[in-house]
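Coordinate inspection notes
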Amino acid sequence: MQAWLCETLDGAEALRWQDLPTPEPGAGEVRIAVKAASLNFPDLLIVRGQYQIKPPLPFVPGAEFAGHVDAVGEGVNQLQVGMPVAAISGTGGFGTHAIVKAARVLPLPAGFALEDAAAFAFTYGTSHHALVDRAQLQSGETVLVLGAAGGVGTAALQIAKAVGARVIAAASSDEKCALCRALGADASINYRTENLRESLKSLTAGKGPDVVYDPVGGDLAEPAFRSIAWRGRYLVIGFAGGGIPALPWNLALLKGASVVGVFWGEFVQREPQASAAALGELAQWYAKGLIKPVIDQRLPMSELKAAFTRMGTRQVCGKLVLFNA
Ligand SMILES: NC(=O)c1ccc[n+]([C@@H]2O[C@H](COP(=O)([O-])OP(=O)(O)OC[C@H]3O[C@@H](n4cnc5c(N)ncnc54)[C@H](OP(=O)(O)O)[C@@H]3O)[C@@H](O)[C@H]2O)c1
C-alpha cells in the first residue's frame with residue numbers, strides 16, 4: 001500500500017507519500033481499499049499537533065473516507081469483502097488502504113455515491129447533532145450560520161432547511177454568499193464588507209437569530225452573540241478563524257440565552273445509538289434529495305498538499321475530495 005505519512009508535527013508540507021507494508025486487520029477490524037477521502041479542518045490541525053486528539057507518530061492522516069471492504073478480521077460478521085462502506089477513523093484515510101475498527105465503518109445503502117459518502121458523516125453528523133439535538137431547532141425558527149460556505153457550514157445550511165428553519169448564511173465573500181443562496185439560504189451577509197449586527201437586525205426585524213451556528217469563532221463571536229434572540233442557543237462548533245472567543249457572561253443573562261458546546265466525535269463514542277439514529281435520518285434525507293455534499297474540487301490523492309493549502313487559505317466551498325486511481 002501507499003499513504004501520506006506524518007512523521008513530524010510540521011504541517012502538511014512535511015507529509016511524505018510512502019510505500020508501506022499492507023497491514024492485516026486484527027480482531028474486530030477491517031481493511032478498506034480507499035476510493036475517496038475528504039479533507040476536514042481537523043486534518044489541518046492534527047498534522048500540526050494542534051488538535052485535541054494527538055496520535056503517536058508516525059501516522060497516516062485522513063479522518064473520513066469511503067471505499068470497499070478489502071479484508072475482514074476475526075469476529076467481524078456484519079461486514080463482508082467487497083461491501084461499499086464509509087469510515088470515520090480519526091486517521092488513516094489519505095492512502096490506498098486503511099485498517100479501521102468495524103464499529104467505525106458504515107455500510108452504504110444502495111444509491112449512496114462513494115464520493116458523497118467520503119464527504120458526509122463528519123460534517124452532516126456534526127451539524128445534525130448541533131442543530132437537531134443540541135439546539136432543538138424548530139421549524140420556523142431563524143438560524144445564523146457563520147462560515148456558511150465551508151464543510152460543516154454547507155451541511156448546517158442544508159440541515160436547517162430540511163428542518164424547516166429560515167437560514168441566514170454569513171461568509172467572507174460575495175461568491176461564498178451567492179453559493180449559500182443557491183443552496184437555499186434565505187438571506188446572506190458578507191461579514192467582510194457588511195456590519196454583522198446591523199445586517200442581522202434588519203434581516204430579523206430587530207429580533208435576532210434563534211440559533212447561531214459558529215464554526216469560526218474569533219472576532220465574529222461577540223457581535224453574533226450580542227445579536228441573538230431571547231432564549232437563543234449559541235452553538236460552539238469550532239475556531240477556524242484561530243481565536244477562541246471570551247464572552248462577557250452578562251450577555252447570556254440579558255438574552256436568557258444558552259452557550260451550547262458541540263463535540264460530535266465524543267457524542268459518537270458516548271451515545272452510539274443516538275448517533276446511529278441521527279446518521280440514519282441523514283441517510284434518508286440524502287435519499288430524498290434534501291441534503292447532498294457540496295463538492296468544491298475532486299483531486300487525485302497525489303494533490304493532498306494542494307488541498308491542504310486550499311483549505312488553509314479559506315478557498316474551499318463545501319468539501320474537497322481526494323481520489324485514488
Ligand atoms: N465541534 C465538532 O464536533 C466539530 C466537528 C467538525 C468540525 N469542527 C470544526 O468546525 C470548523 C470548520 O471545519 P470545516 O471542516 O467545515 O472547515 P472549512 O470547510 O475549512 O470551513 C471553515 C470556514 O471557516 C472560515 N474561516 C475563517 N477564518 C478562517 C481561517 N483563518 N482559515 C480557514 N477558515 C477560516 C471560512 O469561511 P469564511 O472564509 O467564509 O470566513 C471557512 O469556510 C473547524 O474549526 C473544525 O475544527 C468541529
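Below you will find a few notes about this structure. Starting afresh in each chain, residues are numbered from 1 along the sequence in its written order. Owing to the predicted nature of the model, reporting of local features is limited to residues with pLDDT of at least 70; listing and counting of side-chain atom pairs is limited to 80 or more, with chain, interface and lining totals taken over all residues. Note: side-chain values were computed over all heavy atoms of the structure, leaving out hydrogens and water.

1. Focus: the pattern of salt bridges
Salt bridge, as used here: a side-chain nitrogen of Lys or Arg that lies within 4 Å of a carboxyl oxygen of Asp or Glu. The full count for this structure, using the stated rule, is 13 salt bridges. Residues E7 and R16 are paired through a salt bridge, measuring 3.2 Å at the closest nitrogen-oxygen approach. Categorising residues by exposure relies on relative accessible area from a 1.4 Å probe, with only protein chains included: less than 20% of the type maximum marks a residue as buried, more than 50% marks it as exposed, and the intermediate range marks it as partly exposed. Judged by relative accessible area, R16 falls into the partly exposed class, the value being 44%. Put simply, E24, R31 and D70 are held in one network by salt bridges that share partners.

2. Considering the packing of aromatic side chains
Any two of the Phe, Tyr and Trp rings considered here, Trp counted by its six-membered ring, make a pair once their centres fall within 6.5 Å; the pair's planes then place it as stacked at under 30 degrees, edge-to-face at over 60, or tilted in between. All chains considered together, the criterion is met by 8 aromatic pairs. For the pair F112 and Y286, a centre-to-centre distance of 3.9 Å together with 15 degrees between the ring planes defines the contact as stacked. On the criterion of sequence distance, the pair formed by F112 in the loop between β7 (105–107) and α2 (114–117) and Y286 in helix α10 (residues 272–287) is long-range, its members being 174 residues apart. Owing to a relative accessible area of 12%, Y286 belongs among the buried residues under this scheme. Measuring from centroid to centroid gives 5.8 Å for F120 and Y286, while their planes differ by 75 degrees, and the two rings are edge-to-face. Elements are defined by DSSP. Helices are runs of H or I of four residues or more, strands are runs of E of two residues or more, and each kind is numbered from the N terminus.

3. As for the side chain of D116
With respect to the helices and strands, the residue D116 is situated in helix α2. Contact partners of D116, with chain neighbours within four places excluded, come to Y286, K292, P293 and I295. Contacts were defined at the residue level, with two residues in contact if any of their heavy atoms lie within 4.5 Å.

4. Some remarks on helix α5 (residues 174–182)
Among all positions of α5, only K176, C177 and C180 are buried. Buried positions in α5, seen along its axis, are confined to an arc of 100 degrees and lie on one side of it. Of the exposed residues in α5, those oriented more than 90 degrees away from the buried face are D174, E175 and A182. Looking at the residues trailing α5, positive phi occurs at G184, about 115 degrees. Starting at the helix axis, one direction is taken to each C-beta atom, and the arc is that of these directions.

5. Digging into the site of the ligand
We call a residue near a given molecule or strand whenever any one of its heavy atoms falls within 4 Å of it. Close to the ligand lie 25 residues; S172, K176, Y191, V262 and W264 are nearest. Note that a nitrogen atom of the ligand is positioned 2.8 Å from one of the backbone N or O atoms of I237. A distance of 3.3 Å separates an oxygen atom of the ligand from a polar backbone atom of F239. Elements supplying a minimum of two residues to the shell around the ligand: α1 (41–46), α3 (121–134) and α4 (151–163). Gly counts as polar in this scheme, as do all residues outside two lists: the nonpolar Ala, Val, Leu, Ile, Met, Phe, Trp, Tyr, Cys and Pro, and the charged Asp, Glu, Lys and Arg. Of the residues that constitute the shell around the ligand, the class distribution is 15 nonpolar, 8 polar and 2 charged. Nitrogen and oxygen atoms within 3.5 Å of one another constitute a polar contact, given that in protein one can donate a hydrogen and the other can accept it, and given that sequence-neighbouring residues count only through two side-chain atoms.

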